[in-house]
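What follows is the residue order along each chain.
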Amino acid sequence: MREAVIVDAVRTPVGKGKPTGALHEVNAVDLLAHSLHALIERTGLNPALVDDVIGGVVTQHGEQAANMTRRALLAAGFPESVPATTVDRQCGSSQQAVHFAAQGVIAGAYDIAVAAGVESMGRVPMGANLAGSADPLGEGFAKRYPEGLVGQGIAAELIAARWGISRQRMDEFALTSHARAADATRRGAFDAQLAPVNGLTTDEGIREGGTPETLAALPPAYRDDATAARFPQITWDVTAGNASPLSDGSAAVLIMSADTATALGLTPLARLHSFALAADDPLHMLTAVIPATRKVLDRAGLSMDDVDLFEINEAFASVVLAWAEETGADLNRVNVNGGAIAIGHPLGASGARLMTTLVHALHEHGGRYGLQAMCEAGGLSNATVVERL
């Protein structure tokens, strides 16, 4: 069977997803183009050899709509002969792009593909693609869930309540994320993966000097009376401090067959080992990372102890902490260079951003296996195992 390998992975620094953010004036098309161009420039690959570019974008509206990956690759200087498509598996969109690219290579449909992602949350707000829709649910869905589902913030609260995760634990986890990301930035752990853009050279949202007292003073981010009445078990501990912020950024991963890499004289960073998808209760929404992790490990023939490093997306601290309780993961091997609470969570870019961070961290730490999993709206998850080469 053909092997799919990652030859290089690059990302922009992540900017704050608001009008004052460093990347706010960069059109999302140009933001994705920047990572695509950097990927080609760094590897010296002739872009005409790329069989497909698969981009992940969540809010496909405005400048992020209408298969914007095609516009981005043209903006990046790729030949007009290179095709592109844009996918949406919510927060796992660009991790799904990695899966599609790798599976295409393994199947023989591609020799070379690029998996990428972007989100400019400051320019294209979440939910903008649903604006004006009279009924986004449909009759059958509404009939199946007559009490209605909830937003991700409430799902994070429900997870905290279900697993008995305290505000203190979530805040401590958040502080650790910032401390690790700040340390990684200082020691240059991100330098090999970053493509500075618009004057931004490091991730904009990382904060140092936070204290438990500072985070404890933050108000709950999602509390409302109607939801409190419906779910009396919620203690309202999710805040802006223990959740990921709105973010802008992009990332791109160059994937090809091992034989193609050898023929081109390129040295791969990692082999894409195993893939899995899972789905779970759409009310709790963010728990599918648990069955996805078990499923991908089973497919890989590995145990949790075999995995050297984990990248589990920190959409909310409660998600990662619940995942760790269920899987028995050692948190010292999880998001060792910080996670989305500190670095940021530009939705469509996050899957490729985590993959970029993971493969570089495996080389930094000398680990063999890495596992990445993303919680996704609707009760979905992607999980991927990579092997350092």
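Before reading further, recall that the structure is shown in the block above.
Calculation notes
Position labels on residues start from 1 in each chain and follow its written sequence. At least 70 in pLDDT is required for a residue's local features to be given in this predicted model, at least 80 for side-chain atom pairs to be given and counted, and no such filter applies to totals for whole chains, interfaces and linings, which use all residues. Neither water nor hydrogens contribute to the side-chain values; these are computed over all heavy atoms in the structure. Relative accessibility under 20% of the residue-type maximum defines a buried residue, over 50% an exposed one, and the middle range a partly exposed one, all with a 1.4 Å probe and only protein chains included. The helix and strand labels rest on DSSP assignments: H or I over at least four residues marks a helix, E over at least two residues marks a strand, and numbering proceeds from the N terminus. Strands were regarded as paired on the criterion that DSSP finds at least two bridges between them. What we call a nonpolar core is a set of buried Ala, Val, Leu, Ile, Met, Phe, Trp, Tyr and Cys residues that are connected through their side-chain atoms within 4.5 Å. The contact rule is simple, with two residues in contact once any of their heavy atoms fall within 4.5 Å. Salt bridge, as used here, is a side-chain nitrogen of Lys or Arg placed within 4 Å of a carboxyl oxygen of Asp or Glu. A fitted line through C-alpha atoms serves as each axis, taken over the contacting stretch for helices, and the angle formed by two N-to-C directions is quoted from 0 to 180°. Throughout, the term roughly parallel applies to angles under 35 degrees, roughly antiparallel to angles over 145, roughly perpendicular to angles from 65 to 115, and oblique to all others. By the definition used in this description, the sense in which the near helix is turned from the far one sets the handedness, with an anticlockwise turn below a right angle giving left-handed and a clockwise turn giving right-handed. To estimate how far a helix should extend, the number of its residues minus one is multiplied by 1.5 Å.

A. View of the pairing of strand β7 (residues 270-279). Within β7, 7 of the 10 residues are buried, which leaves it mostly tucked inside the rest of the structure. As paired elements, strand β1 (residues 4-11) and β7 share 2 bridges and run antiparallel to each other. Directly across from Ile6, in β7, lies its bridge partner Ala270. Pairing analysis gives 9 bridges linking β7 to strand β10 (residues 380-388), with the strands arranged antiparallel. Among the inter-strand pairings, Ala276 is bridged to a residue of β10, identified as Ala383.

B. Fine view of the nonpolar core. Counting residues in hydrophobic clusters, the biggest one holds 55 residues, and the most contacted among them are Leu286, Phe310, Ile312, Phe316, Trp323 and Leu371. Where this core is concerned, the elements lending two or more residues are α5 (152-163), α6 (167-186), β7, α10 (289-300), β8 (309-312), α11 (317-327), β9 (369-376) and β10. If we ignore the near neighbours within four places in the chain, the residues touching Leu371 are Thr293, Val296, Leu297, Val307, Leu309, Phe310, Glu311, Ile312, Leu358, Thr384 and Val385. Counting residues in each nonpolar core, the second largest holds 37 residues, with Val5, Leu23, Val118 and Val197 among its members.

C. How the structure looks around the pattern of salt bridges. Overall, the coordinates contain 18 salt bridges when judged by the stated rule. Asp171 serves as the salt-bridge partner of Arg167, at 3.0 Å between the closest nitrogen and oxygen. With Arg167 and Asp171 both in helix α6, this residue pair falls 4 residues apart, about one helical turn. Assigned by exposure class, Arg167 and Asp171 land together as buried. Among the ionic pairs, Arg223 bridges to Asp225, the shortest N-O distance being 2.9 Å. According to the relative accessible area criterion, Arg223 is partly exposed, its value standing at 44%.

D. The arrangement of the packing of α10 against α11 in detail. One can describe the packing of α10 onto α11 by two numbers: an axis separation of 9 Å at closest approach and a directional angle of 45°. As judged from the angle between their axes, α10 and α11 are oblique. Remark: the crossing between α10 and α11 carries right-handed chirality. The residues of α11 that touch α10, namely those facing Val289, Ile290, Thr293 and Arg294, are Val319, Ala322, Trp323, Glu326 and Thr327.

E. Spotlight on α5. With 12 residues, α5 should reach 16 Å at 1.5 Å per residue; the first-to-last C-alpha distance of 16 Å fits that figure. The element α5 is extensively covered by neighbouring structure, given that 9 of its 12 residues are classed as buried. For α5, the full list of buried residues reads Gly153, Ile154, Ala155, Ala156, Glu157, Leu158, Ile159, Ala160 and Trp163. Turning to α5, the residues buried within the fold contact α6, α8 (225-230), α10 and α11. One or two residues past the end of α5 sits Gly164, with phi positive at roughly 65°.

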